[in-house]
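Here is how the chains run, residue by residue.
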4 protein chains.
Amino acid sequence: MTGGRRRSESSRLAILDAARDLLLERGYERLTIDAIAARAGVGKQTIYRWWGSKGAVVADAALEGGLAPPLVPPPDTGDIEADLRAWLRDWTSRLASGGTSLILALTAATAEDHAVADVLYERFTAPHEQLLRDRLEVARMAGQLGSEAPVPTIAGVLIGSLLYRVLSRQEAPTADDADLVVRVVLGGTGG
Amino acid sequence: MTGGRRRSESSRLAILDAARDLLLERGYERLTIDAIAARAGVGKQTIYRWWGSKGAVVADAALEGGLAPPLVPPPDTGDIEADLRAWLRDWTSRLASGGTSLILALTAATAEDHAVADVLYERFTAPHEQLLRDRLEVARMAGQLGSEAPVPTIAGVLIGSLLYRVLSRQEAPTADDADLVVRVVLGGTGG
Amino acid sequence: MTGGRRRSESSRLAILDAARDLLLERGYERLTIDAIAARAGVGKQTIYRWWGSKGAVVADAALEGGLAPPLVPPPDTGDIEADLRAWLRDWTSRLASGGTSLILALTAATAEDHAVADVLYERFTAPHEQLLRDRLEVARMAGQLGSEAPVPTIAGVLIGSLLYRVLSRQEAPTADDADLVVRVVLGGTGG
Amino acid sequence: MTGGRRRSESSRLAILDAARDLLLERGYERLTIDAIAARAGVGKQTIYRWWGSKGAVVADAALEGGLAPPLVPPPDTGDIEADLRAWLRDWTSRLASGGTSLILALTAATAEDHAVADVLYERFTAPHEQLLRDRLEVARMAGQLGSEAPVPTIAGVLIGSLLYRVLSRQEAPTADDADLVVRVVLGGTGG
DNA sequence: CGATAAACGAGACGGTACGTCCGGTCTTGTC
DNA sequence: GACAAGACCGGACGTACCGTCTCGTTTATCG
């Protein structure tokens, strides 16, 4: 006996959409499962059946709800510094336009729930990081990276720097911030 | 205007101690005011009389509850790379020993509550960052920093890199991680 | 109009059996359709296809699930008092052996659901009451009933008295209780 | 250390009033704790702090919410039959005017919850029954009760008969019903 | 025999209410 | 007047069931 109604794709999407909208409207802390269910026109149990926590819903909303920035690889013009600068500027402009609430919400979810942290890292952070690593690998092959530091470390430094700005200032980094970070990482600061 | 009873210092300390303990035990989200009051042997009103929210208590507990690492300036041996390495290694060992729960809890509090973010930044992050900046300033004067990147940016890159590792891996960075970050920032990676 | 599958008798019986068992185990209020379906190995829709409500299932289970006491007419030895005494004692012993949970569950169902009350009265209470009335009618014809009270009233007094004992004491009436009720009703208490 | 806010009498009364109103409006089964709390302008916890179940609230509402008939002793004119008739007629008229929903609700609560049954019996049924017993005791002393049946049995027969009519017919007994019951119990039906 | 169609088991769905937990406020003595 | 105690209102939590609605499967009857 197989059987059983299939998962409703329209409900799934309505939930992710509602979570996205409410997240941007009210922020992570004031986001409630009740409100998501009401806005999505869905029973609460339909949320709890498929997600284990508020953080998990938000993580999925970020991934599939049209909230996350698209997976755009850094350009490859041959000039690693210009390419990184362009890529980070693109990120900063997206953060600036969409507000920082998404990144703050994902950070809160990550910091509070280990399981969410794993999902987000695997499906949100890691793919973007991988694009960055690929570009850095090309640069290394081309002899454009002086130090022997592993590419993952470099990628982590770039991303972490911008995240730290968002957390400590609670506002989006500027294009200048992006440029400076690239300068520090690539140009080095040592004499 | 006759006087009344003065604020009880012992209650104040009991509250901060209880908040600190519970923060480490249960994390920020699962920390409740009721639990703090019960553990501290204090009425809830005594908490609300002096602090405005859970975040404010947590911020104070981090600062005064013996939770925050001491303000230790980076050494100044003249070798900026070695000094930064020592300072960051010191941080990583503290994070490793105390576990990552403190940093995760404070990150969650920061991401969720703007007011907490401000307090923590001003009284927790900024002072440490200032010590780092001072040392970097000395290095710049000594011509040990090649790039023209502002010192605050450099400090942010160093701190953000380590924070990002904690968030994405959910474990404390190693001494090697610290070394690599310093290498990237000081040595540069550009050809 | 071609035919379809016929109603499954085995499912029908499984549902009534499950309802009976669960009614005795948990009482009316804590009895759920989900539990009946699970215990019977049946889909919920199969219950709702044939019964309109929990009450309807319970009523049927009481009637057909082997739950109801058999329809045994009072004996007719010519001595109405002895016969009623025997009949009521028989009831009290059944209540005592089977526990009072059935009578309490059916009373709850009756009190909560008008439709259940009607079905149970028509198909459970009324037939038993009818047997009692028939015997009383015989007694009246034989001149053994002094008062002019209608036979239905007398039957109601006998049954209601015992039911009241079950409800107010929450335990089965004893044989002595049965005897006393018969004595009051037949012997009268007026001077 | 004594201390602590005292139980709010106004909340207690608002809860009982709301429960009474909603019981009469919607019946016992459709009465919800949420609705009581909302109507009373009270937090749900304030209900659960002081009562253990819906049945317990209803029981209290019946007792103190102005819902229960007042404790009126049967008259004592010296004629036990006339007095009982008057008393039971009084009850039937009250049941007829107030509807049977109260008696059905209390019966349901009694049948479903043993603890509620005890409370209701002690504080609702027993006091009324006691008044009846007292009057019957007087009659017995005066030699107006022929049979040796215990007074509590007689009282139970009178009350149970009327209750049975309410349950089986789902409508209030008439004055005629009351008269007939008294006739059966006092006049006897035996030859 | 094959097509048709109703009933089946399973189980997800939108809802409602549950009973609990906690936030932040208010009240009651005590110190 | 600050304090410990603790009841208060409000509101979100995660769970349990309701009665409905698909699913794919089984079983009977009819063409």
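Residues numbered from 1 in each chain as written. Chains lettered and ligands numbered in written order. Predicted model: local features only at pLDDT ≥ 70, side-chain atom pairs only at ≥ 80, totals over all residues. Heavy atoms only, no water.

Draft legend 1. Structural view of the packing of aromatic side chains. Counted by the stated rule, this structure contains four aromatic pairs over all chains. An angle of 65° between the planes, with centres 6.2 Å apart, marks the rings of B:Trp87 and B:Trp91 as edge-to-face. Here the residue B:Trp87 and the residue B:Trp91 both occupy positions in helix H5 (residues 80-98), the gap between them amounting to four residues, near one helical turn. Among the residues examined, B:Trp87 registers a relative accessible area of 5% and is labelled buried. According to the relative accessible area criterion, B:Trp91 is buried, its value standing at 14%. We note A:Lys54 situated over the ring of A:Tyr28; from NZ or CZ to the ring centre the distance is 4.4 Å. One Lys or Arg, C:Arg7, reaches over the ring of C:Trp51 and ends 5.2 Å from the middle of that ring. (Phe/Tyr/Trp six-rings, centres within 6.5 Å; stacked < 30°, edge-to-face > 60°. Helix = DSSP H or I, 4+ residues; strand = E, 2+ residues; numbered from the N terminus. Buried < 20%, exposed > 50% of the residue type's maximum accessible area, 1.4 Å probe, protein only. Lys NZ or Arg CZ within 6 Å of the ring centre and 35° of its normal.)

Draft legend 2. Expanded view of the relation of the copies chain A and chain B. Overlaying chain A on chain B yields an RMSD of 0.7 Å, the required transformation being a rotation through 180° with an accompanying axial translation of 0.2 Å. The superposition operator between the copies reduces to a two-fold rotation axis. Interface overlap between copies is the fraction of interface residues in one copy that are interface residues in the other; for chain A against chain B it reaches 100%, indicating a shared surface. (Least-squares fit on C-alpha atoms with pLDDT ≥ 70 in both. Contact = heavy atoms within 4.5 Å.)

Draft legend 3. Quick peek at the arrangement of the chains. Looking at chain A next to chain C, you find no contact at all, with the nearest C-alpha pair sitting 10 Å apart. Contact between chain B and chain C is absent, and the least distance between their C-alpha atoms amounts to 33 Å.

Draft legend 4. Broad picture of the pattern of salt bridges. The full count for this structure, using the stated rule, is 62 salt bridges over all chains. The partner of D:Arg20 in a salt bridge is D:Asp21, with the nearest N and O atoms 3.0 Å apart. For D:Asp21, a relative accessible area of 28% corresponds to the partly exposed category. In this structure, D:Arg123 and D:Asp60 form a salt bridge, with 3.6 Å as the shortest nitrogen-oxygen distance. Here D:Arg123, found in helix H7 (residues 114-141), pairs with D:Asp60, found in helix H4 (residues 54-64); they are 63 residues apart in sequence, far enough to count as distant. For D:Arg123, a relative accessible area of 42% translates into the label partly exposed. Members of the salt-bridge network, linked through shared partners, are A:Glu9, A:Arg12, A:Asp60, A:Glu64 and A:Arg123. (Salt bridge = Lys/Arg side-chain N within 4 Å of Asp/Glu carboxyl O.)

Draft legend 5. Highlighting the interface of chain A and chain B. Across the contact, 46 residues belong to chain A and 47 residues belong to chain B. In total, chain A and chain B occlude about 4,000 Å² of area from one another, counting both sides; carbon and sulfur atoms represent 59% of this. Applying the counting rule to chain A against chain B returns zero salt bridges. Our count for the contact surface shared by chain A and chain B stands at six residue pairs in polar contact (both at pLDDT 80 or more). For the side of chain A that touches chain B, the secondary-structure elements that each account for two or more residues are helix H6 (101-112), helix H7 (114-141), helix H8 (151-169) and helix H9 (175-187) of chain A. Tallying contributions element by element places H8(A) first for the side of chain A that touches chain B, with 12 residues. (Buried area = accessible area lost by both parts, 1.4 Å probe. Polar contact = N/O pair within 3.5 Å; in protein donor to acceptor, adjacent residues only side chain to side chain.)

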